[in-house]
Amino acid sequence: MSYLTKAAEIRTIISQLAMYPVLWLDTEIADWWTPNPKLSLIQALADPGDRTGSSSYILDVLNQPDLVQLFIEQIMANPQIEKVFHNASFDLKYLGKHQACNVTCTLKIAKGISLAALGTSNLKLKTLAEELCQFTEVDPEQQSSNWGKRPLSDRQLLYAKMDTVYLAHVHRRLLDLKNPTPVVPVPPSQKAPSFSVTKVRVAFECARLFYLAHHFNSPTLFFPKGQVLGLGKAFHDLSDRFANLALREPQFQVLLEPEPDQLQVEKIASQLQDLFYRLEFFPYLQAAIQEDPSKSQALLQLWEGLKGLIRRWAELLVSNRRSCKASEVISKTFLAQEIKVQHSFPLPDGNQQLVQGQLDSLVYDFTHHRLCVVEYKTYQSPDPSAQLAQVALYSYMLREKVGVPINSAVYSVLPDWKELTFTWDELEQTVHQLIPHKLLQMRQWANWQPGQPDPPPSTSQPHLCEICPQRIKCQTYFEAASVQLVVKPEPQKPEPQKPVSQPPQTPSVQPVPVASVSAETEAIAHQLVTTLRAFNIDVDYEGAIAGPAVIRVKLKPSLGVKVSSILRSSDDLRVQLSLSASPLIAPQAGYVSVDLPRPDRQTAHFDQYLQPQQLSSTDPVRIAIGVNLEGQLVEADLSDPNTCHFLVGGTTGSGKSEFLRSLLLSLLIRHSPQQLKIVLIDPKRVTFPEFEQMPWLYAPVVKESDRAIELMETLVAEMDRRYQRFEATGCNDLSNYNQKFQQQPAQQLPRIVCIFDEYADFMVEKESRNALELSIKRLGAMARAAGIHLIVATQRPEAKVVTPIIRSNLPGRVALRTASEADSAIVLGGRKTAASDLLGKGDLLYLAGAHPTRLQSLFASGIQLSQLLQISP
């Protein structure tokens, strides 16, 4: 957030804001309760993806009418800029009235949408932000505060900056509701199959078990040793019979006829058990024994668990009896059994995924005024987080059907009675944060075929393998496929006639094994668990992975332990474990990961992962990002819209220069100078000395600002020329163009990758800043299809350096260690501040989705560079 009070600063920002095509605006009025109100603040936001207000501007214009007039002239009266307000008729009273043009009013948009589609209690901006866009901690009180008083309080400034953030997100959500994306009919043969809620639960437990269930209808229930198989159907059947019996049998109603304060839960539970045993369970038991006498012991064991369930029903009936008559309490408590639900969820890639299921029971809790989905489980789940995902889906889908929030509960009866309850807030958060990404993963896993790379991963909870119903099939099916994928071909004898200077045609990378969990790693992990337990945070150790720089310890919080308590322990762990940096702690699907520095830190040498090879002009152009914790190289495809341009941030000592050098080298060793051209901008003059004479250069290495501006404008002109050639040849991007001229290499165009080191050095002067921003904006928005890609790096990713224009046009993000949490949030977006606690020397976070991935960048020494590029050192 930038709170500006000086006239010169405000004039500068107004000029900058006038460059944006869309602005989200708001005002705060001083003395609004008097006959002479006056404008106090103008709030502006140009980055609609901001959810924290870090990109918002607050212009203090109290008693500065000349600044207000300047804002009206340059912005409000500018027809090229769309101005978005929530209640435009109010704000325009103070911002130009009839002079204003191209104004959008979100209140007017909201009024044009049916209340059923909106699903909100009213049309106020704060309500829409909370109920439509899932913002929390919205402060509605400061609107009526004294905006004419100076200085403004921190709470007032927070309120002012967030108003435009709420507005931007509400605006986009309303447009989606008003103009939904049309659904293009898909032939039945091409439609993605629906997933059951049960399969979603299984996918949280184990991707491979989900795959087997999806393709072969394999059993999916984990059964620890000593448990009896075949009781699941009996438990569900008997639970349904209890509810139906209570609804139709008058004797149950008689038990609840005394006044509510006279009802005793233990007595009612005992009476309910007697009735149910006599009228339903005993006949069921006799029939089962006649069919198979061996079932008797298991069913009697099940009865002991059912008594716990009946006691819970007694508690609920006695509680609800305070709110309704005895003749109504049972029918108003047990609302329905086995309800079918379905919902199409939007996925991160823009597609939809249908999920279907049948929940066990729906009850009503009068004390909490809330519906509750109940799931019956015979045995306690080995993974409560997967159960949470399952009931969250049921509650969310039912909520979409009936329109009211719904809690959930899971009842298991063996080996003893157990109840898990979840509030609507917990369930809704789970759906929004985890389910869409999990569904997208499930699609990818389901489409995998044996013989292809990247099979569904094994479970992150190895203890589940011991009790998995498909353990043998999993080993034979996936392990055989994995072995087939990693078998190396026989090495070919070198051809004597082949010049030494020519790189080999196929890669010969030695496989880098995943580091095994050593005794030292286990000791560190157990020390972590012991320390957390000393803080009264009870966790179970679920395993560890040793990456090149860090050890990731997987912890499962015990039931009742909140993940937030582990997240807050970061500083305490740094002190108690004598760590050089605070550990990165993050919730994952099924566990919490804690990243600790590895005592014997390893270097990820470039030549261990990549070797020279010659690719064709139509092959994907990938850049090496780094090595993950499993020892696998992670690369990004420059033709992908999400990774076509990159913003790289990292302070001194973070390894930024080595990262850029290895990234560049990963391009050069696979693409010839005819297929690839490189633009290097190096104001420090020390990042790319080995590359200054290489044949891949588009132009000599640039080291001065005026030359950088000229070169960027040249790239913009090159982009325009390429689009003219595409139009003339009927092609839509560089790949199609080069494919069309595959037999005419002279007509093909090379990809151009521009690596811009220390961008902040060019942001000092206003003229160079504006010129560079304009070029980056055009290239970032349009250059991908033309085969021109930007990689912009800086060691000072501050808000004034990495402006909203830069961020919005560089979708790929890599954060090495940053100097502050604010710098981390600017590089990674949102509230992702973890980069400030990285270890340096190539330890990085790569944002390739909703959550950053921790990697170690590759390292290539000067000698290696010379050898790989065949340049004399």
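Remember, predicted model here, so these are calculated numbers, not experimental data.

1. Description of the overall build of the protein chain
- A tally of regular secondary structure across the protein chain gives 28 helices and 25 strands.
- The proportion of buried residues among the 873 residues of the protein chain is 51%.
- Element-wise, carbon and sulfur atoms account for 51% of the exposed surface of the protein chain, whose accessible area totals about 40900 Å².

2. Re unusual backbone geometry
- A cis geometry characterises the amide bond from arginine 150 onward to proline 151, with omega recorded as 5°.
- Within the secondary structure, proline 151 is located in the loop between helix H6 (125-133) and helix H7 (154-178).
- Residue lysine 97 is not a glycine yet carries a positive backbone phi of 50°.
- Within the secondary structure layout, lysine 97 lies in the loop between helix H3 (88-91) and strand E6 (103-105).
- Judged by relative accessible area, lysine 97 falls into the exposed class, the value being 53%.
- Its identity is not glycine, yet asparagine 536 carries a phi of approximately 65°, on the positive side.
- Within the secondary structure, asparagine 536 sits in the loop between helix H18 (519-534) and strand E13 (539-546).
- Of the residues examined, asparagine 536 reaches a relative accessible area of 75% and is grouped as exposed.

3. Digging into the sheet that holds E6
- What the 6 strands build is an open sheet, ordered E1-E4-E3-E2-E5-E6; its pairing is mixed. Because the sheet does not close on itself, it has two edges, and the strands there are strand E1 (2-4) and E6. Neighbour to neighbour, the strand axes of the sheet diverge by 25° on average, direction disregarded.
- Here 3 bridges tie strand E5 (residues 82-85) to E6, and the two strands are oriented parallel to one another. The partner of phenylalanine 85 across the bridge, within E6, is cysteine 105.
- Running over the sheet, helix H1 (residues 7-17) touches E1, strand E2 (22-30), strand E3 (38-45) and strand E4 (57-60) and is turned about 135° from E4.
- Strands in contact with H7 are E1, E2, E3, E4, E5 and E6; relative to E2, the strand with the most contacts, it is inclined by about 140°.

4. Thoughts on the side chain of arginine 807
- Along the chain, the position of arginine 807 falls in helix H26 (residues 804-809).
- Residue class for arginine 807 comes out buried when judged on its relative accessible area of 10%.
- Not counting residues up to four positions away in its chain, the partners in contact with arginine 807 are Asp47, Ser55, Val802, Arg813 and Ile826.

5. Focus: the packing of aromatic side chains
- Applying the stated rule across the entire model yields 22 aromatic pairs.
- Here the aromatic rings of phenylalanine 210 and tryptophan 445 are separated by 6.4 Å at their centres, their planes lie at 55°, and the arrangement is tilted. On the criterion of sequence distance, the pair formed by phenylalanine 210 in helix H9 (residues 207-216) and tryptophan 445 in helix H16 (residues 424-446) is long-range, its members being 235 residues apart. For the pair formed by phenylalanine 210 and tryptophan 445, the shared burial category is buried.

6. A few points about the environment of leucine 779
- Tracing the backbone shows leucine 779 in helix H25 (residues 766-786).
- For leucine 779, a relative accessible area of 0% translates into the label buried.
- When neighbours within four sequence positions are excluded, leucine 779 is seen to be in contact with His645, Met712, Leu715, Val716, Met719, Arg784, Ile788 and Leu790.

7. Looking at the pairing of E2
- Most of E2 is tucked away: 8 of the 9 residues are buried.
- Note: E2 against E5, 3 bridges, orientation parallel. Residue pairing across strands places leucine 23 opposite lysine 83, the latter belonging to E5.

8. Observations regarding the packing of helix H12 (residues 265-291) against helix H13 (residues 296-321)
- The geometry of H12 relative to H13 is characterised by a closest axis approach of 9 Å and an angle of 145° between their N-to-C directions. The element H12 and its partner H13 pack so that their crossing is right-handed.
- Per-class residue counts for the contact of H12 with H13 are 19 nonpolar, 2 polar and 4 charged.

9. Observations regarding the pattern of salt bridges
- Taken as a whole, this structure holds 29 salt bridges when the rule is applied.
- In this structure, aspartate 66 and arginine 11 form a salt bridge, with 3.0 Å as the shortest nitrogen-oxygen distance. Of this pair, aspartate 66 sits in helix H2 (residues 65-76) while arginine 11 is found in helix H1, placing the two residues 55 residues apart along the sequence.
- Judged by its relative accessible area of 42%, aspartate 66 falls in the partly exposed class.
- We classify arginine 11 as partly exposed; its relative accessible area is 35%.
- A salt bridge links arginine 661 to glutamate 690, with the nearest nitrogen and oxygen atoms 2.8 Å apart.

10. Here's the deal with H2
- Inspection of H2 places Leu67, Val68, Leu70, Phe71, Ile72, Ile75 and Met76 among the buried residues, and these make up the whole buried set.
- Where H2 is buried, its residues meet H1, E2, E3, E4 and E5.

11. Here we look at the sheet that holds strand E15 (residues 584-588)
- If you trace the 4 strands from one edge of the open sheet to the other, you get E13-E14-E16-E15, paired in antiparallel fashion. Two strands close off the open sheet at either side, each with one partner strand: E13 and E15. Averaged over all adjacent pairs, the angle separating strand axes in this sheet is 25°, with direction ignored.
- Relative to strand E16 (residues 591-597), E15 is paired through 5 bridges, and the arrangement is antiparallel. The partner of glutamine 588 across the bridge, within E16, is tyrosine 591.

12. Here's the deal with the environment of leucine 638
- You can see leucine 638 is positioned in the loop between strand E18 (633-637) and strand E19 (646-649).
- Leucine 638 gets classed as buried once you look at its relative accessible area, which sits at 0%.
- Distance from leucine 638 to arginine 751, taken between C-alpha atoms, is 9.9 Å for residues 113 residues apart in sequence.
- Excluding its chain neighbours within four sequence positions, the residues that come into contact with leucine 638 are Val621, Ile623, Thr643, Cys644, Phe646, Leu667, Val753, Arg784 and His789.

13. Concerning helix H8 (residues 197-205)
- Taking burial as the measure, the 9 residues of H8 include 8 buried ones, the bulk of the element.
- Among all positions of H8, only Val197, Lys199, Val200, Arg201, Val202, Ala203, Phe204 and Glu205 are buried.

Rules used throughout
Residues numbered from 1 in each chain as written. Predicted model: local features only at pLDDT ≥ 70, side-chain atom pairs only at ≥ 80, totals over all residues. Heavy atoms only, no water. Helix = DSSP H or I, 4+ residues; strand = E, 2+ residues; numbered from the N terminus. Buried < 20%, exposed > 50% of the residue type's maximum accessible area, 1.4 Å probe, protein only. Areas by Shrake-Rupley, 256 points an atom, 1.4 Å probe, with all protein chains shown as cover. Pairing = 2+ DSSP bridges. Axes fitted to C-alpha atoms, helices over the stretch in contact; angles between N-to-C directions. Contact = heavy atoms within 4.5 Å. Phe/Tyr/Trp six-rings, centres within 6.5 Å; stacked < 30°, edge-to-face > 60°. Left-handed = near helix turned anticlockwise from the far one by under 90°. Nonpolar A, V, L, I, M, F, W, Y, C, P; charged D, E, K, R; others polar. Salt bridge = Lys/Arg side-chain N within 4 Å of Asp/Glu carboxyl O.

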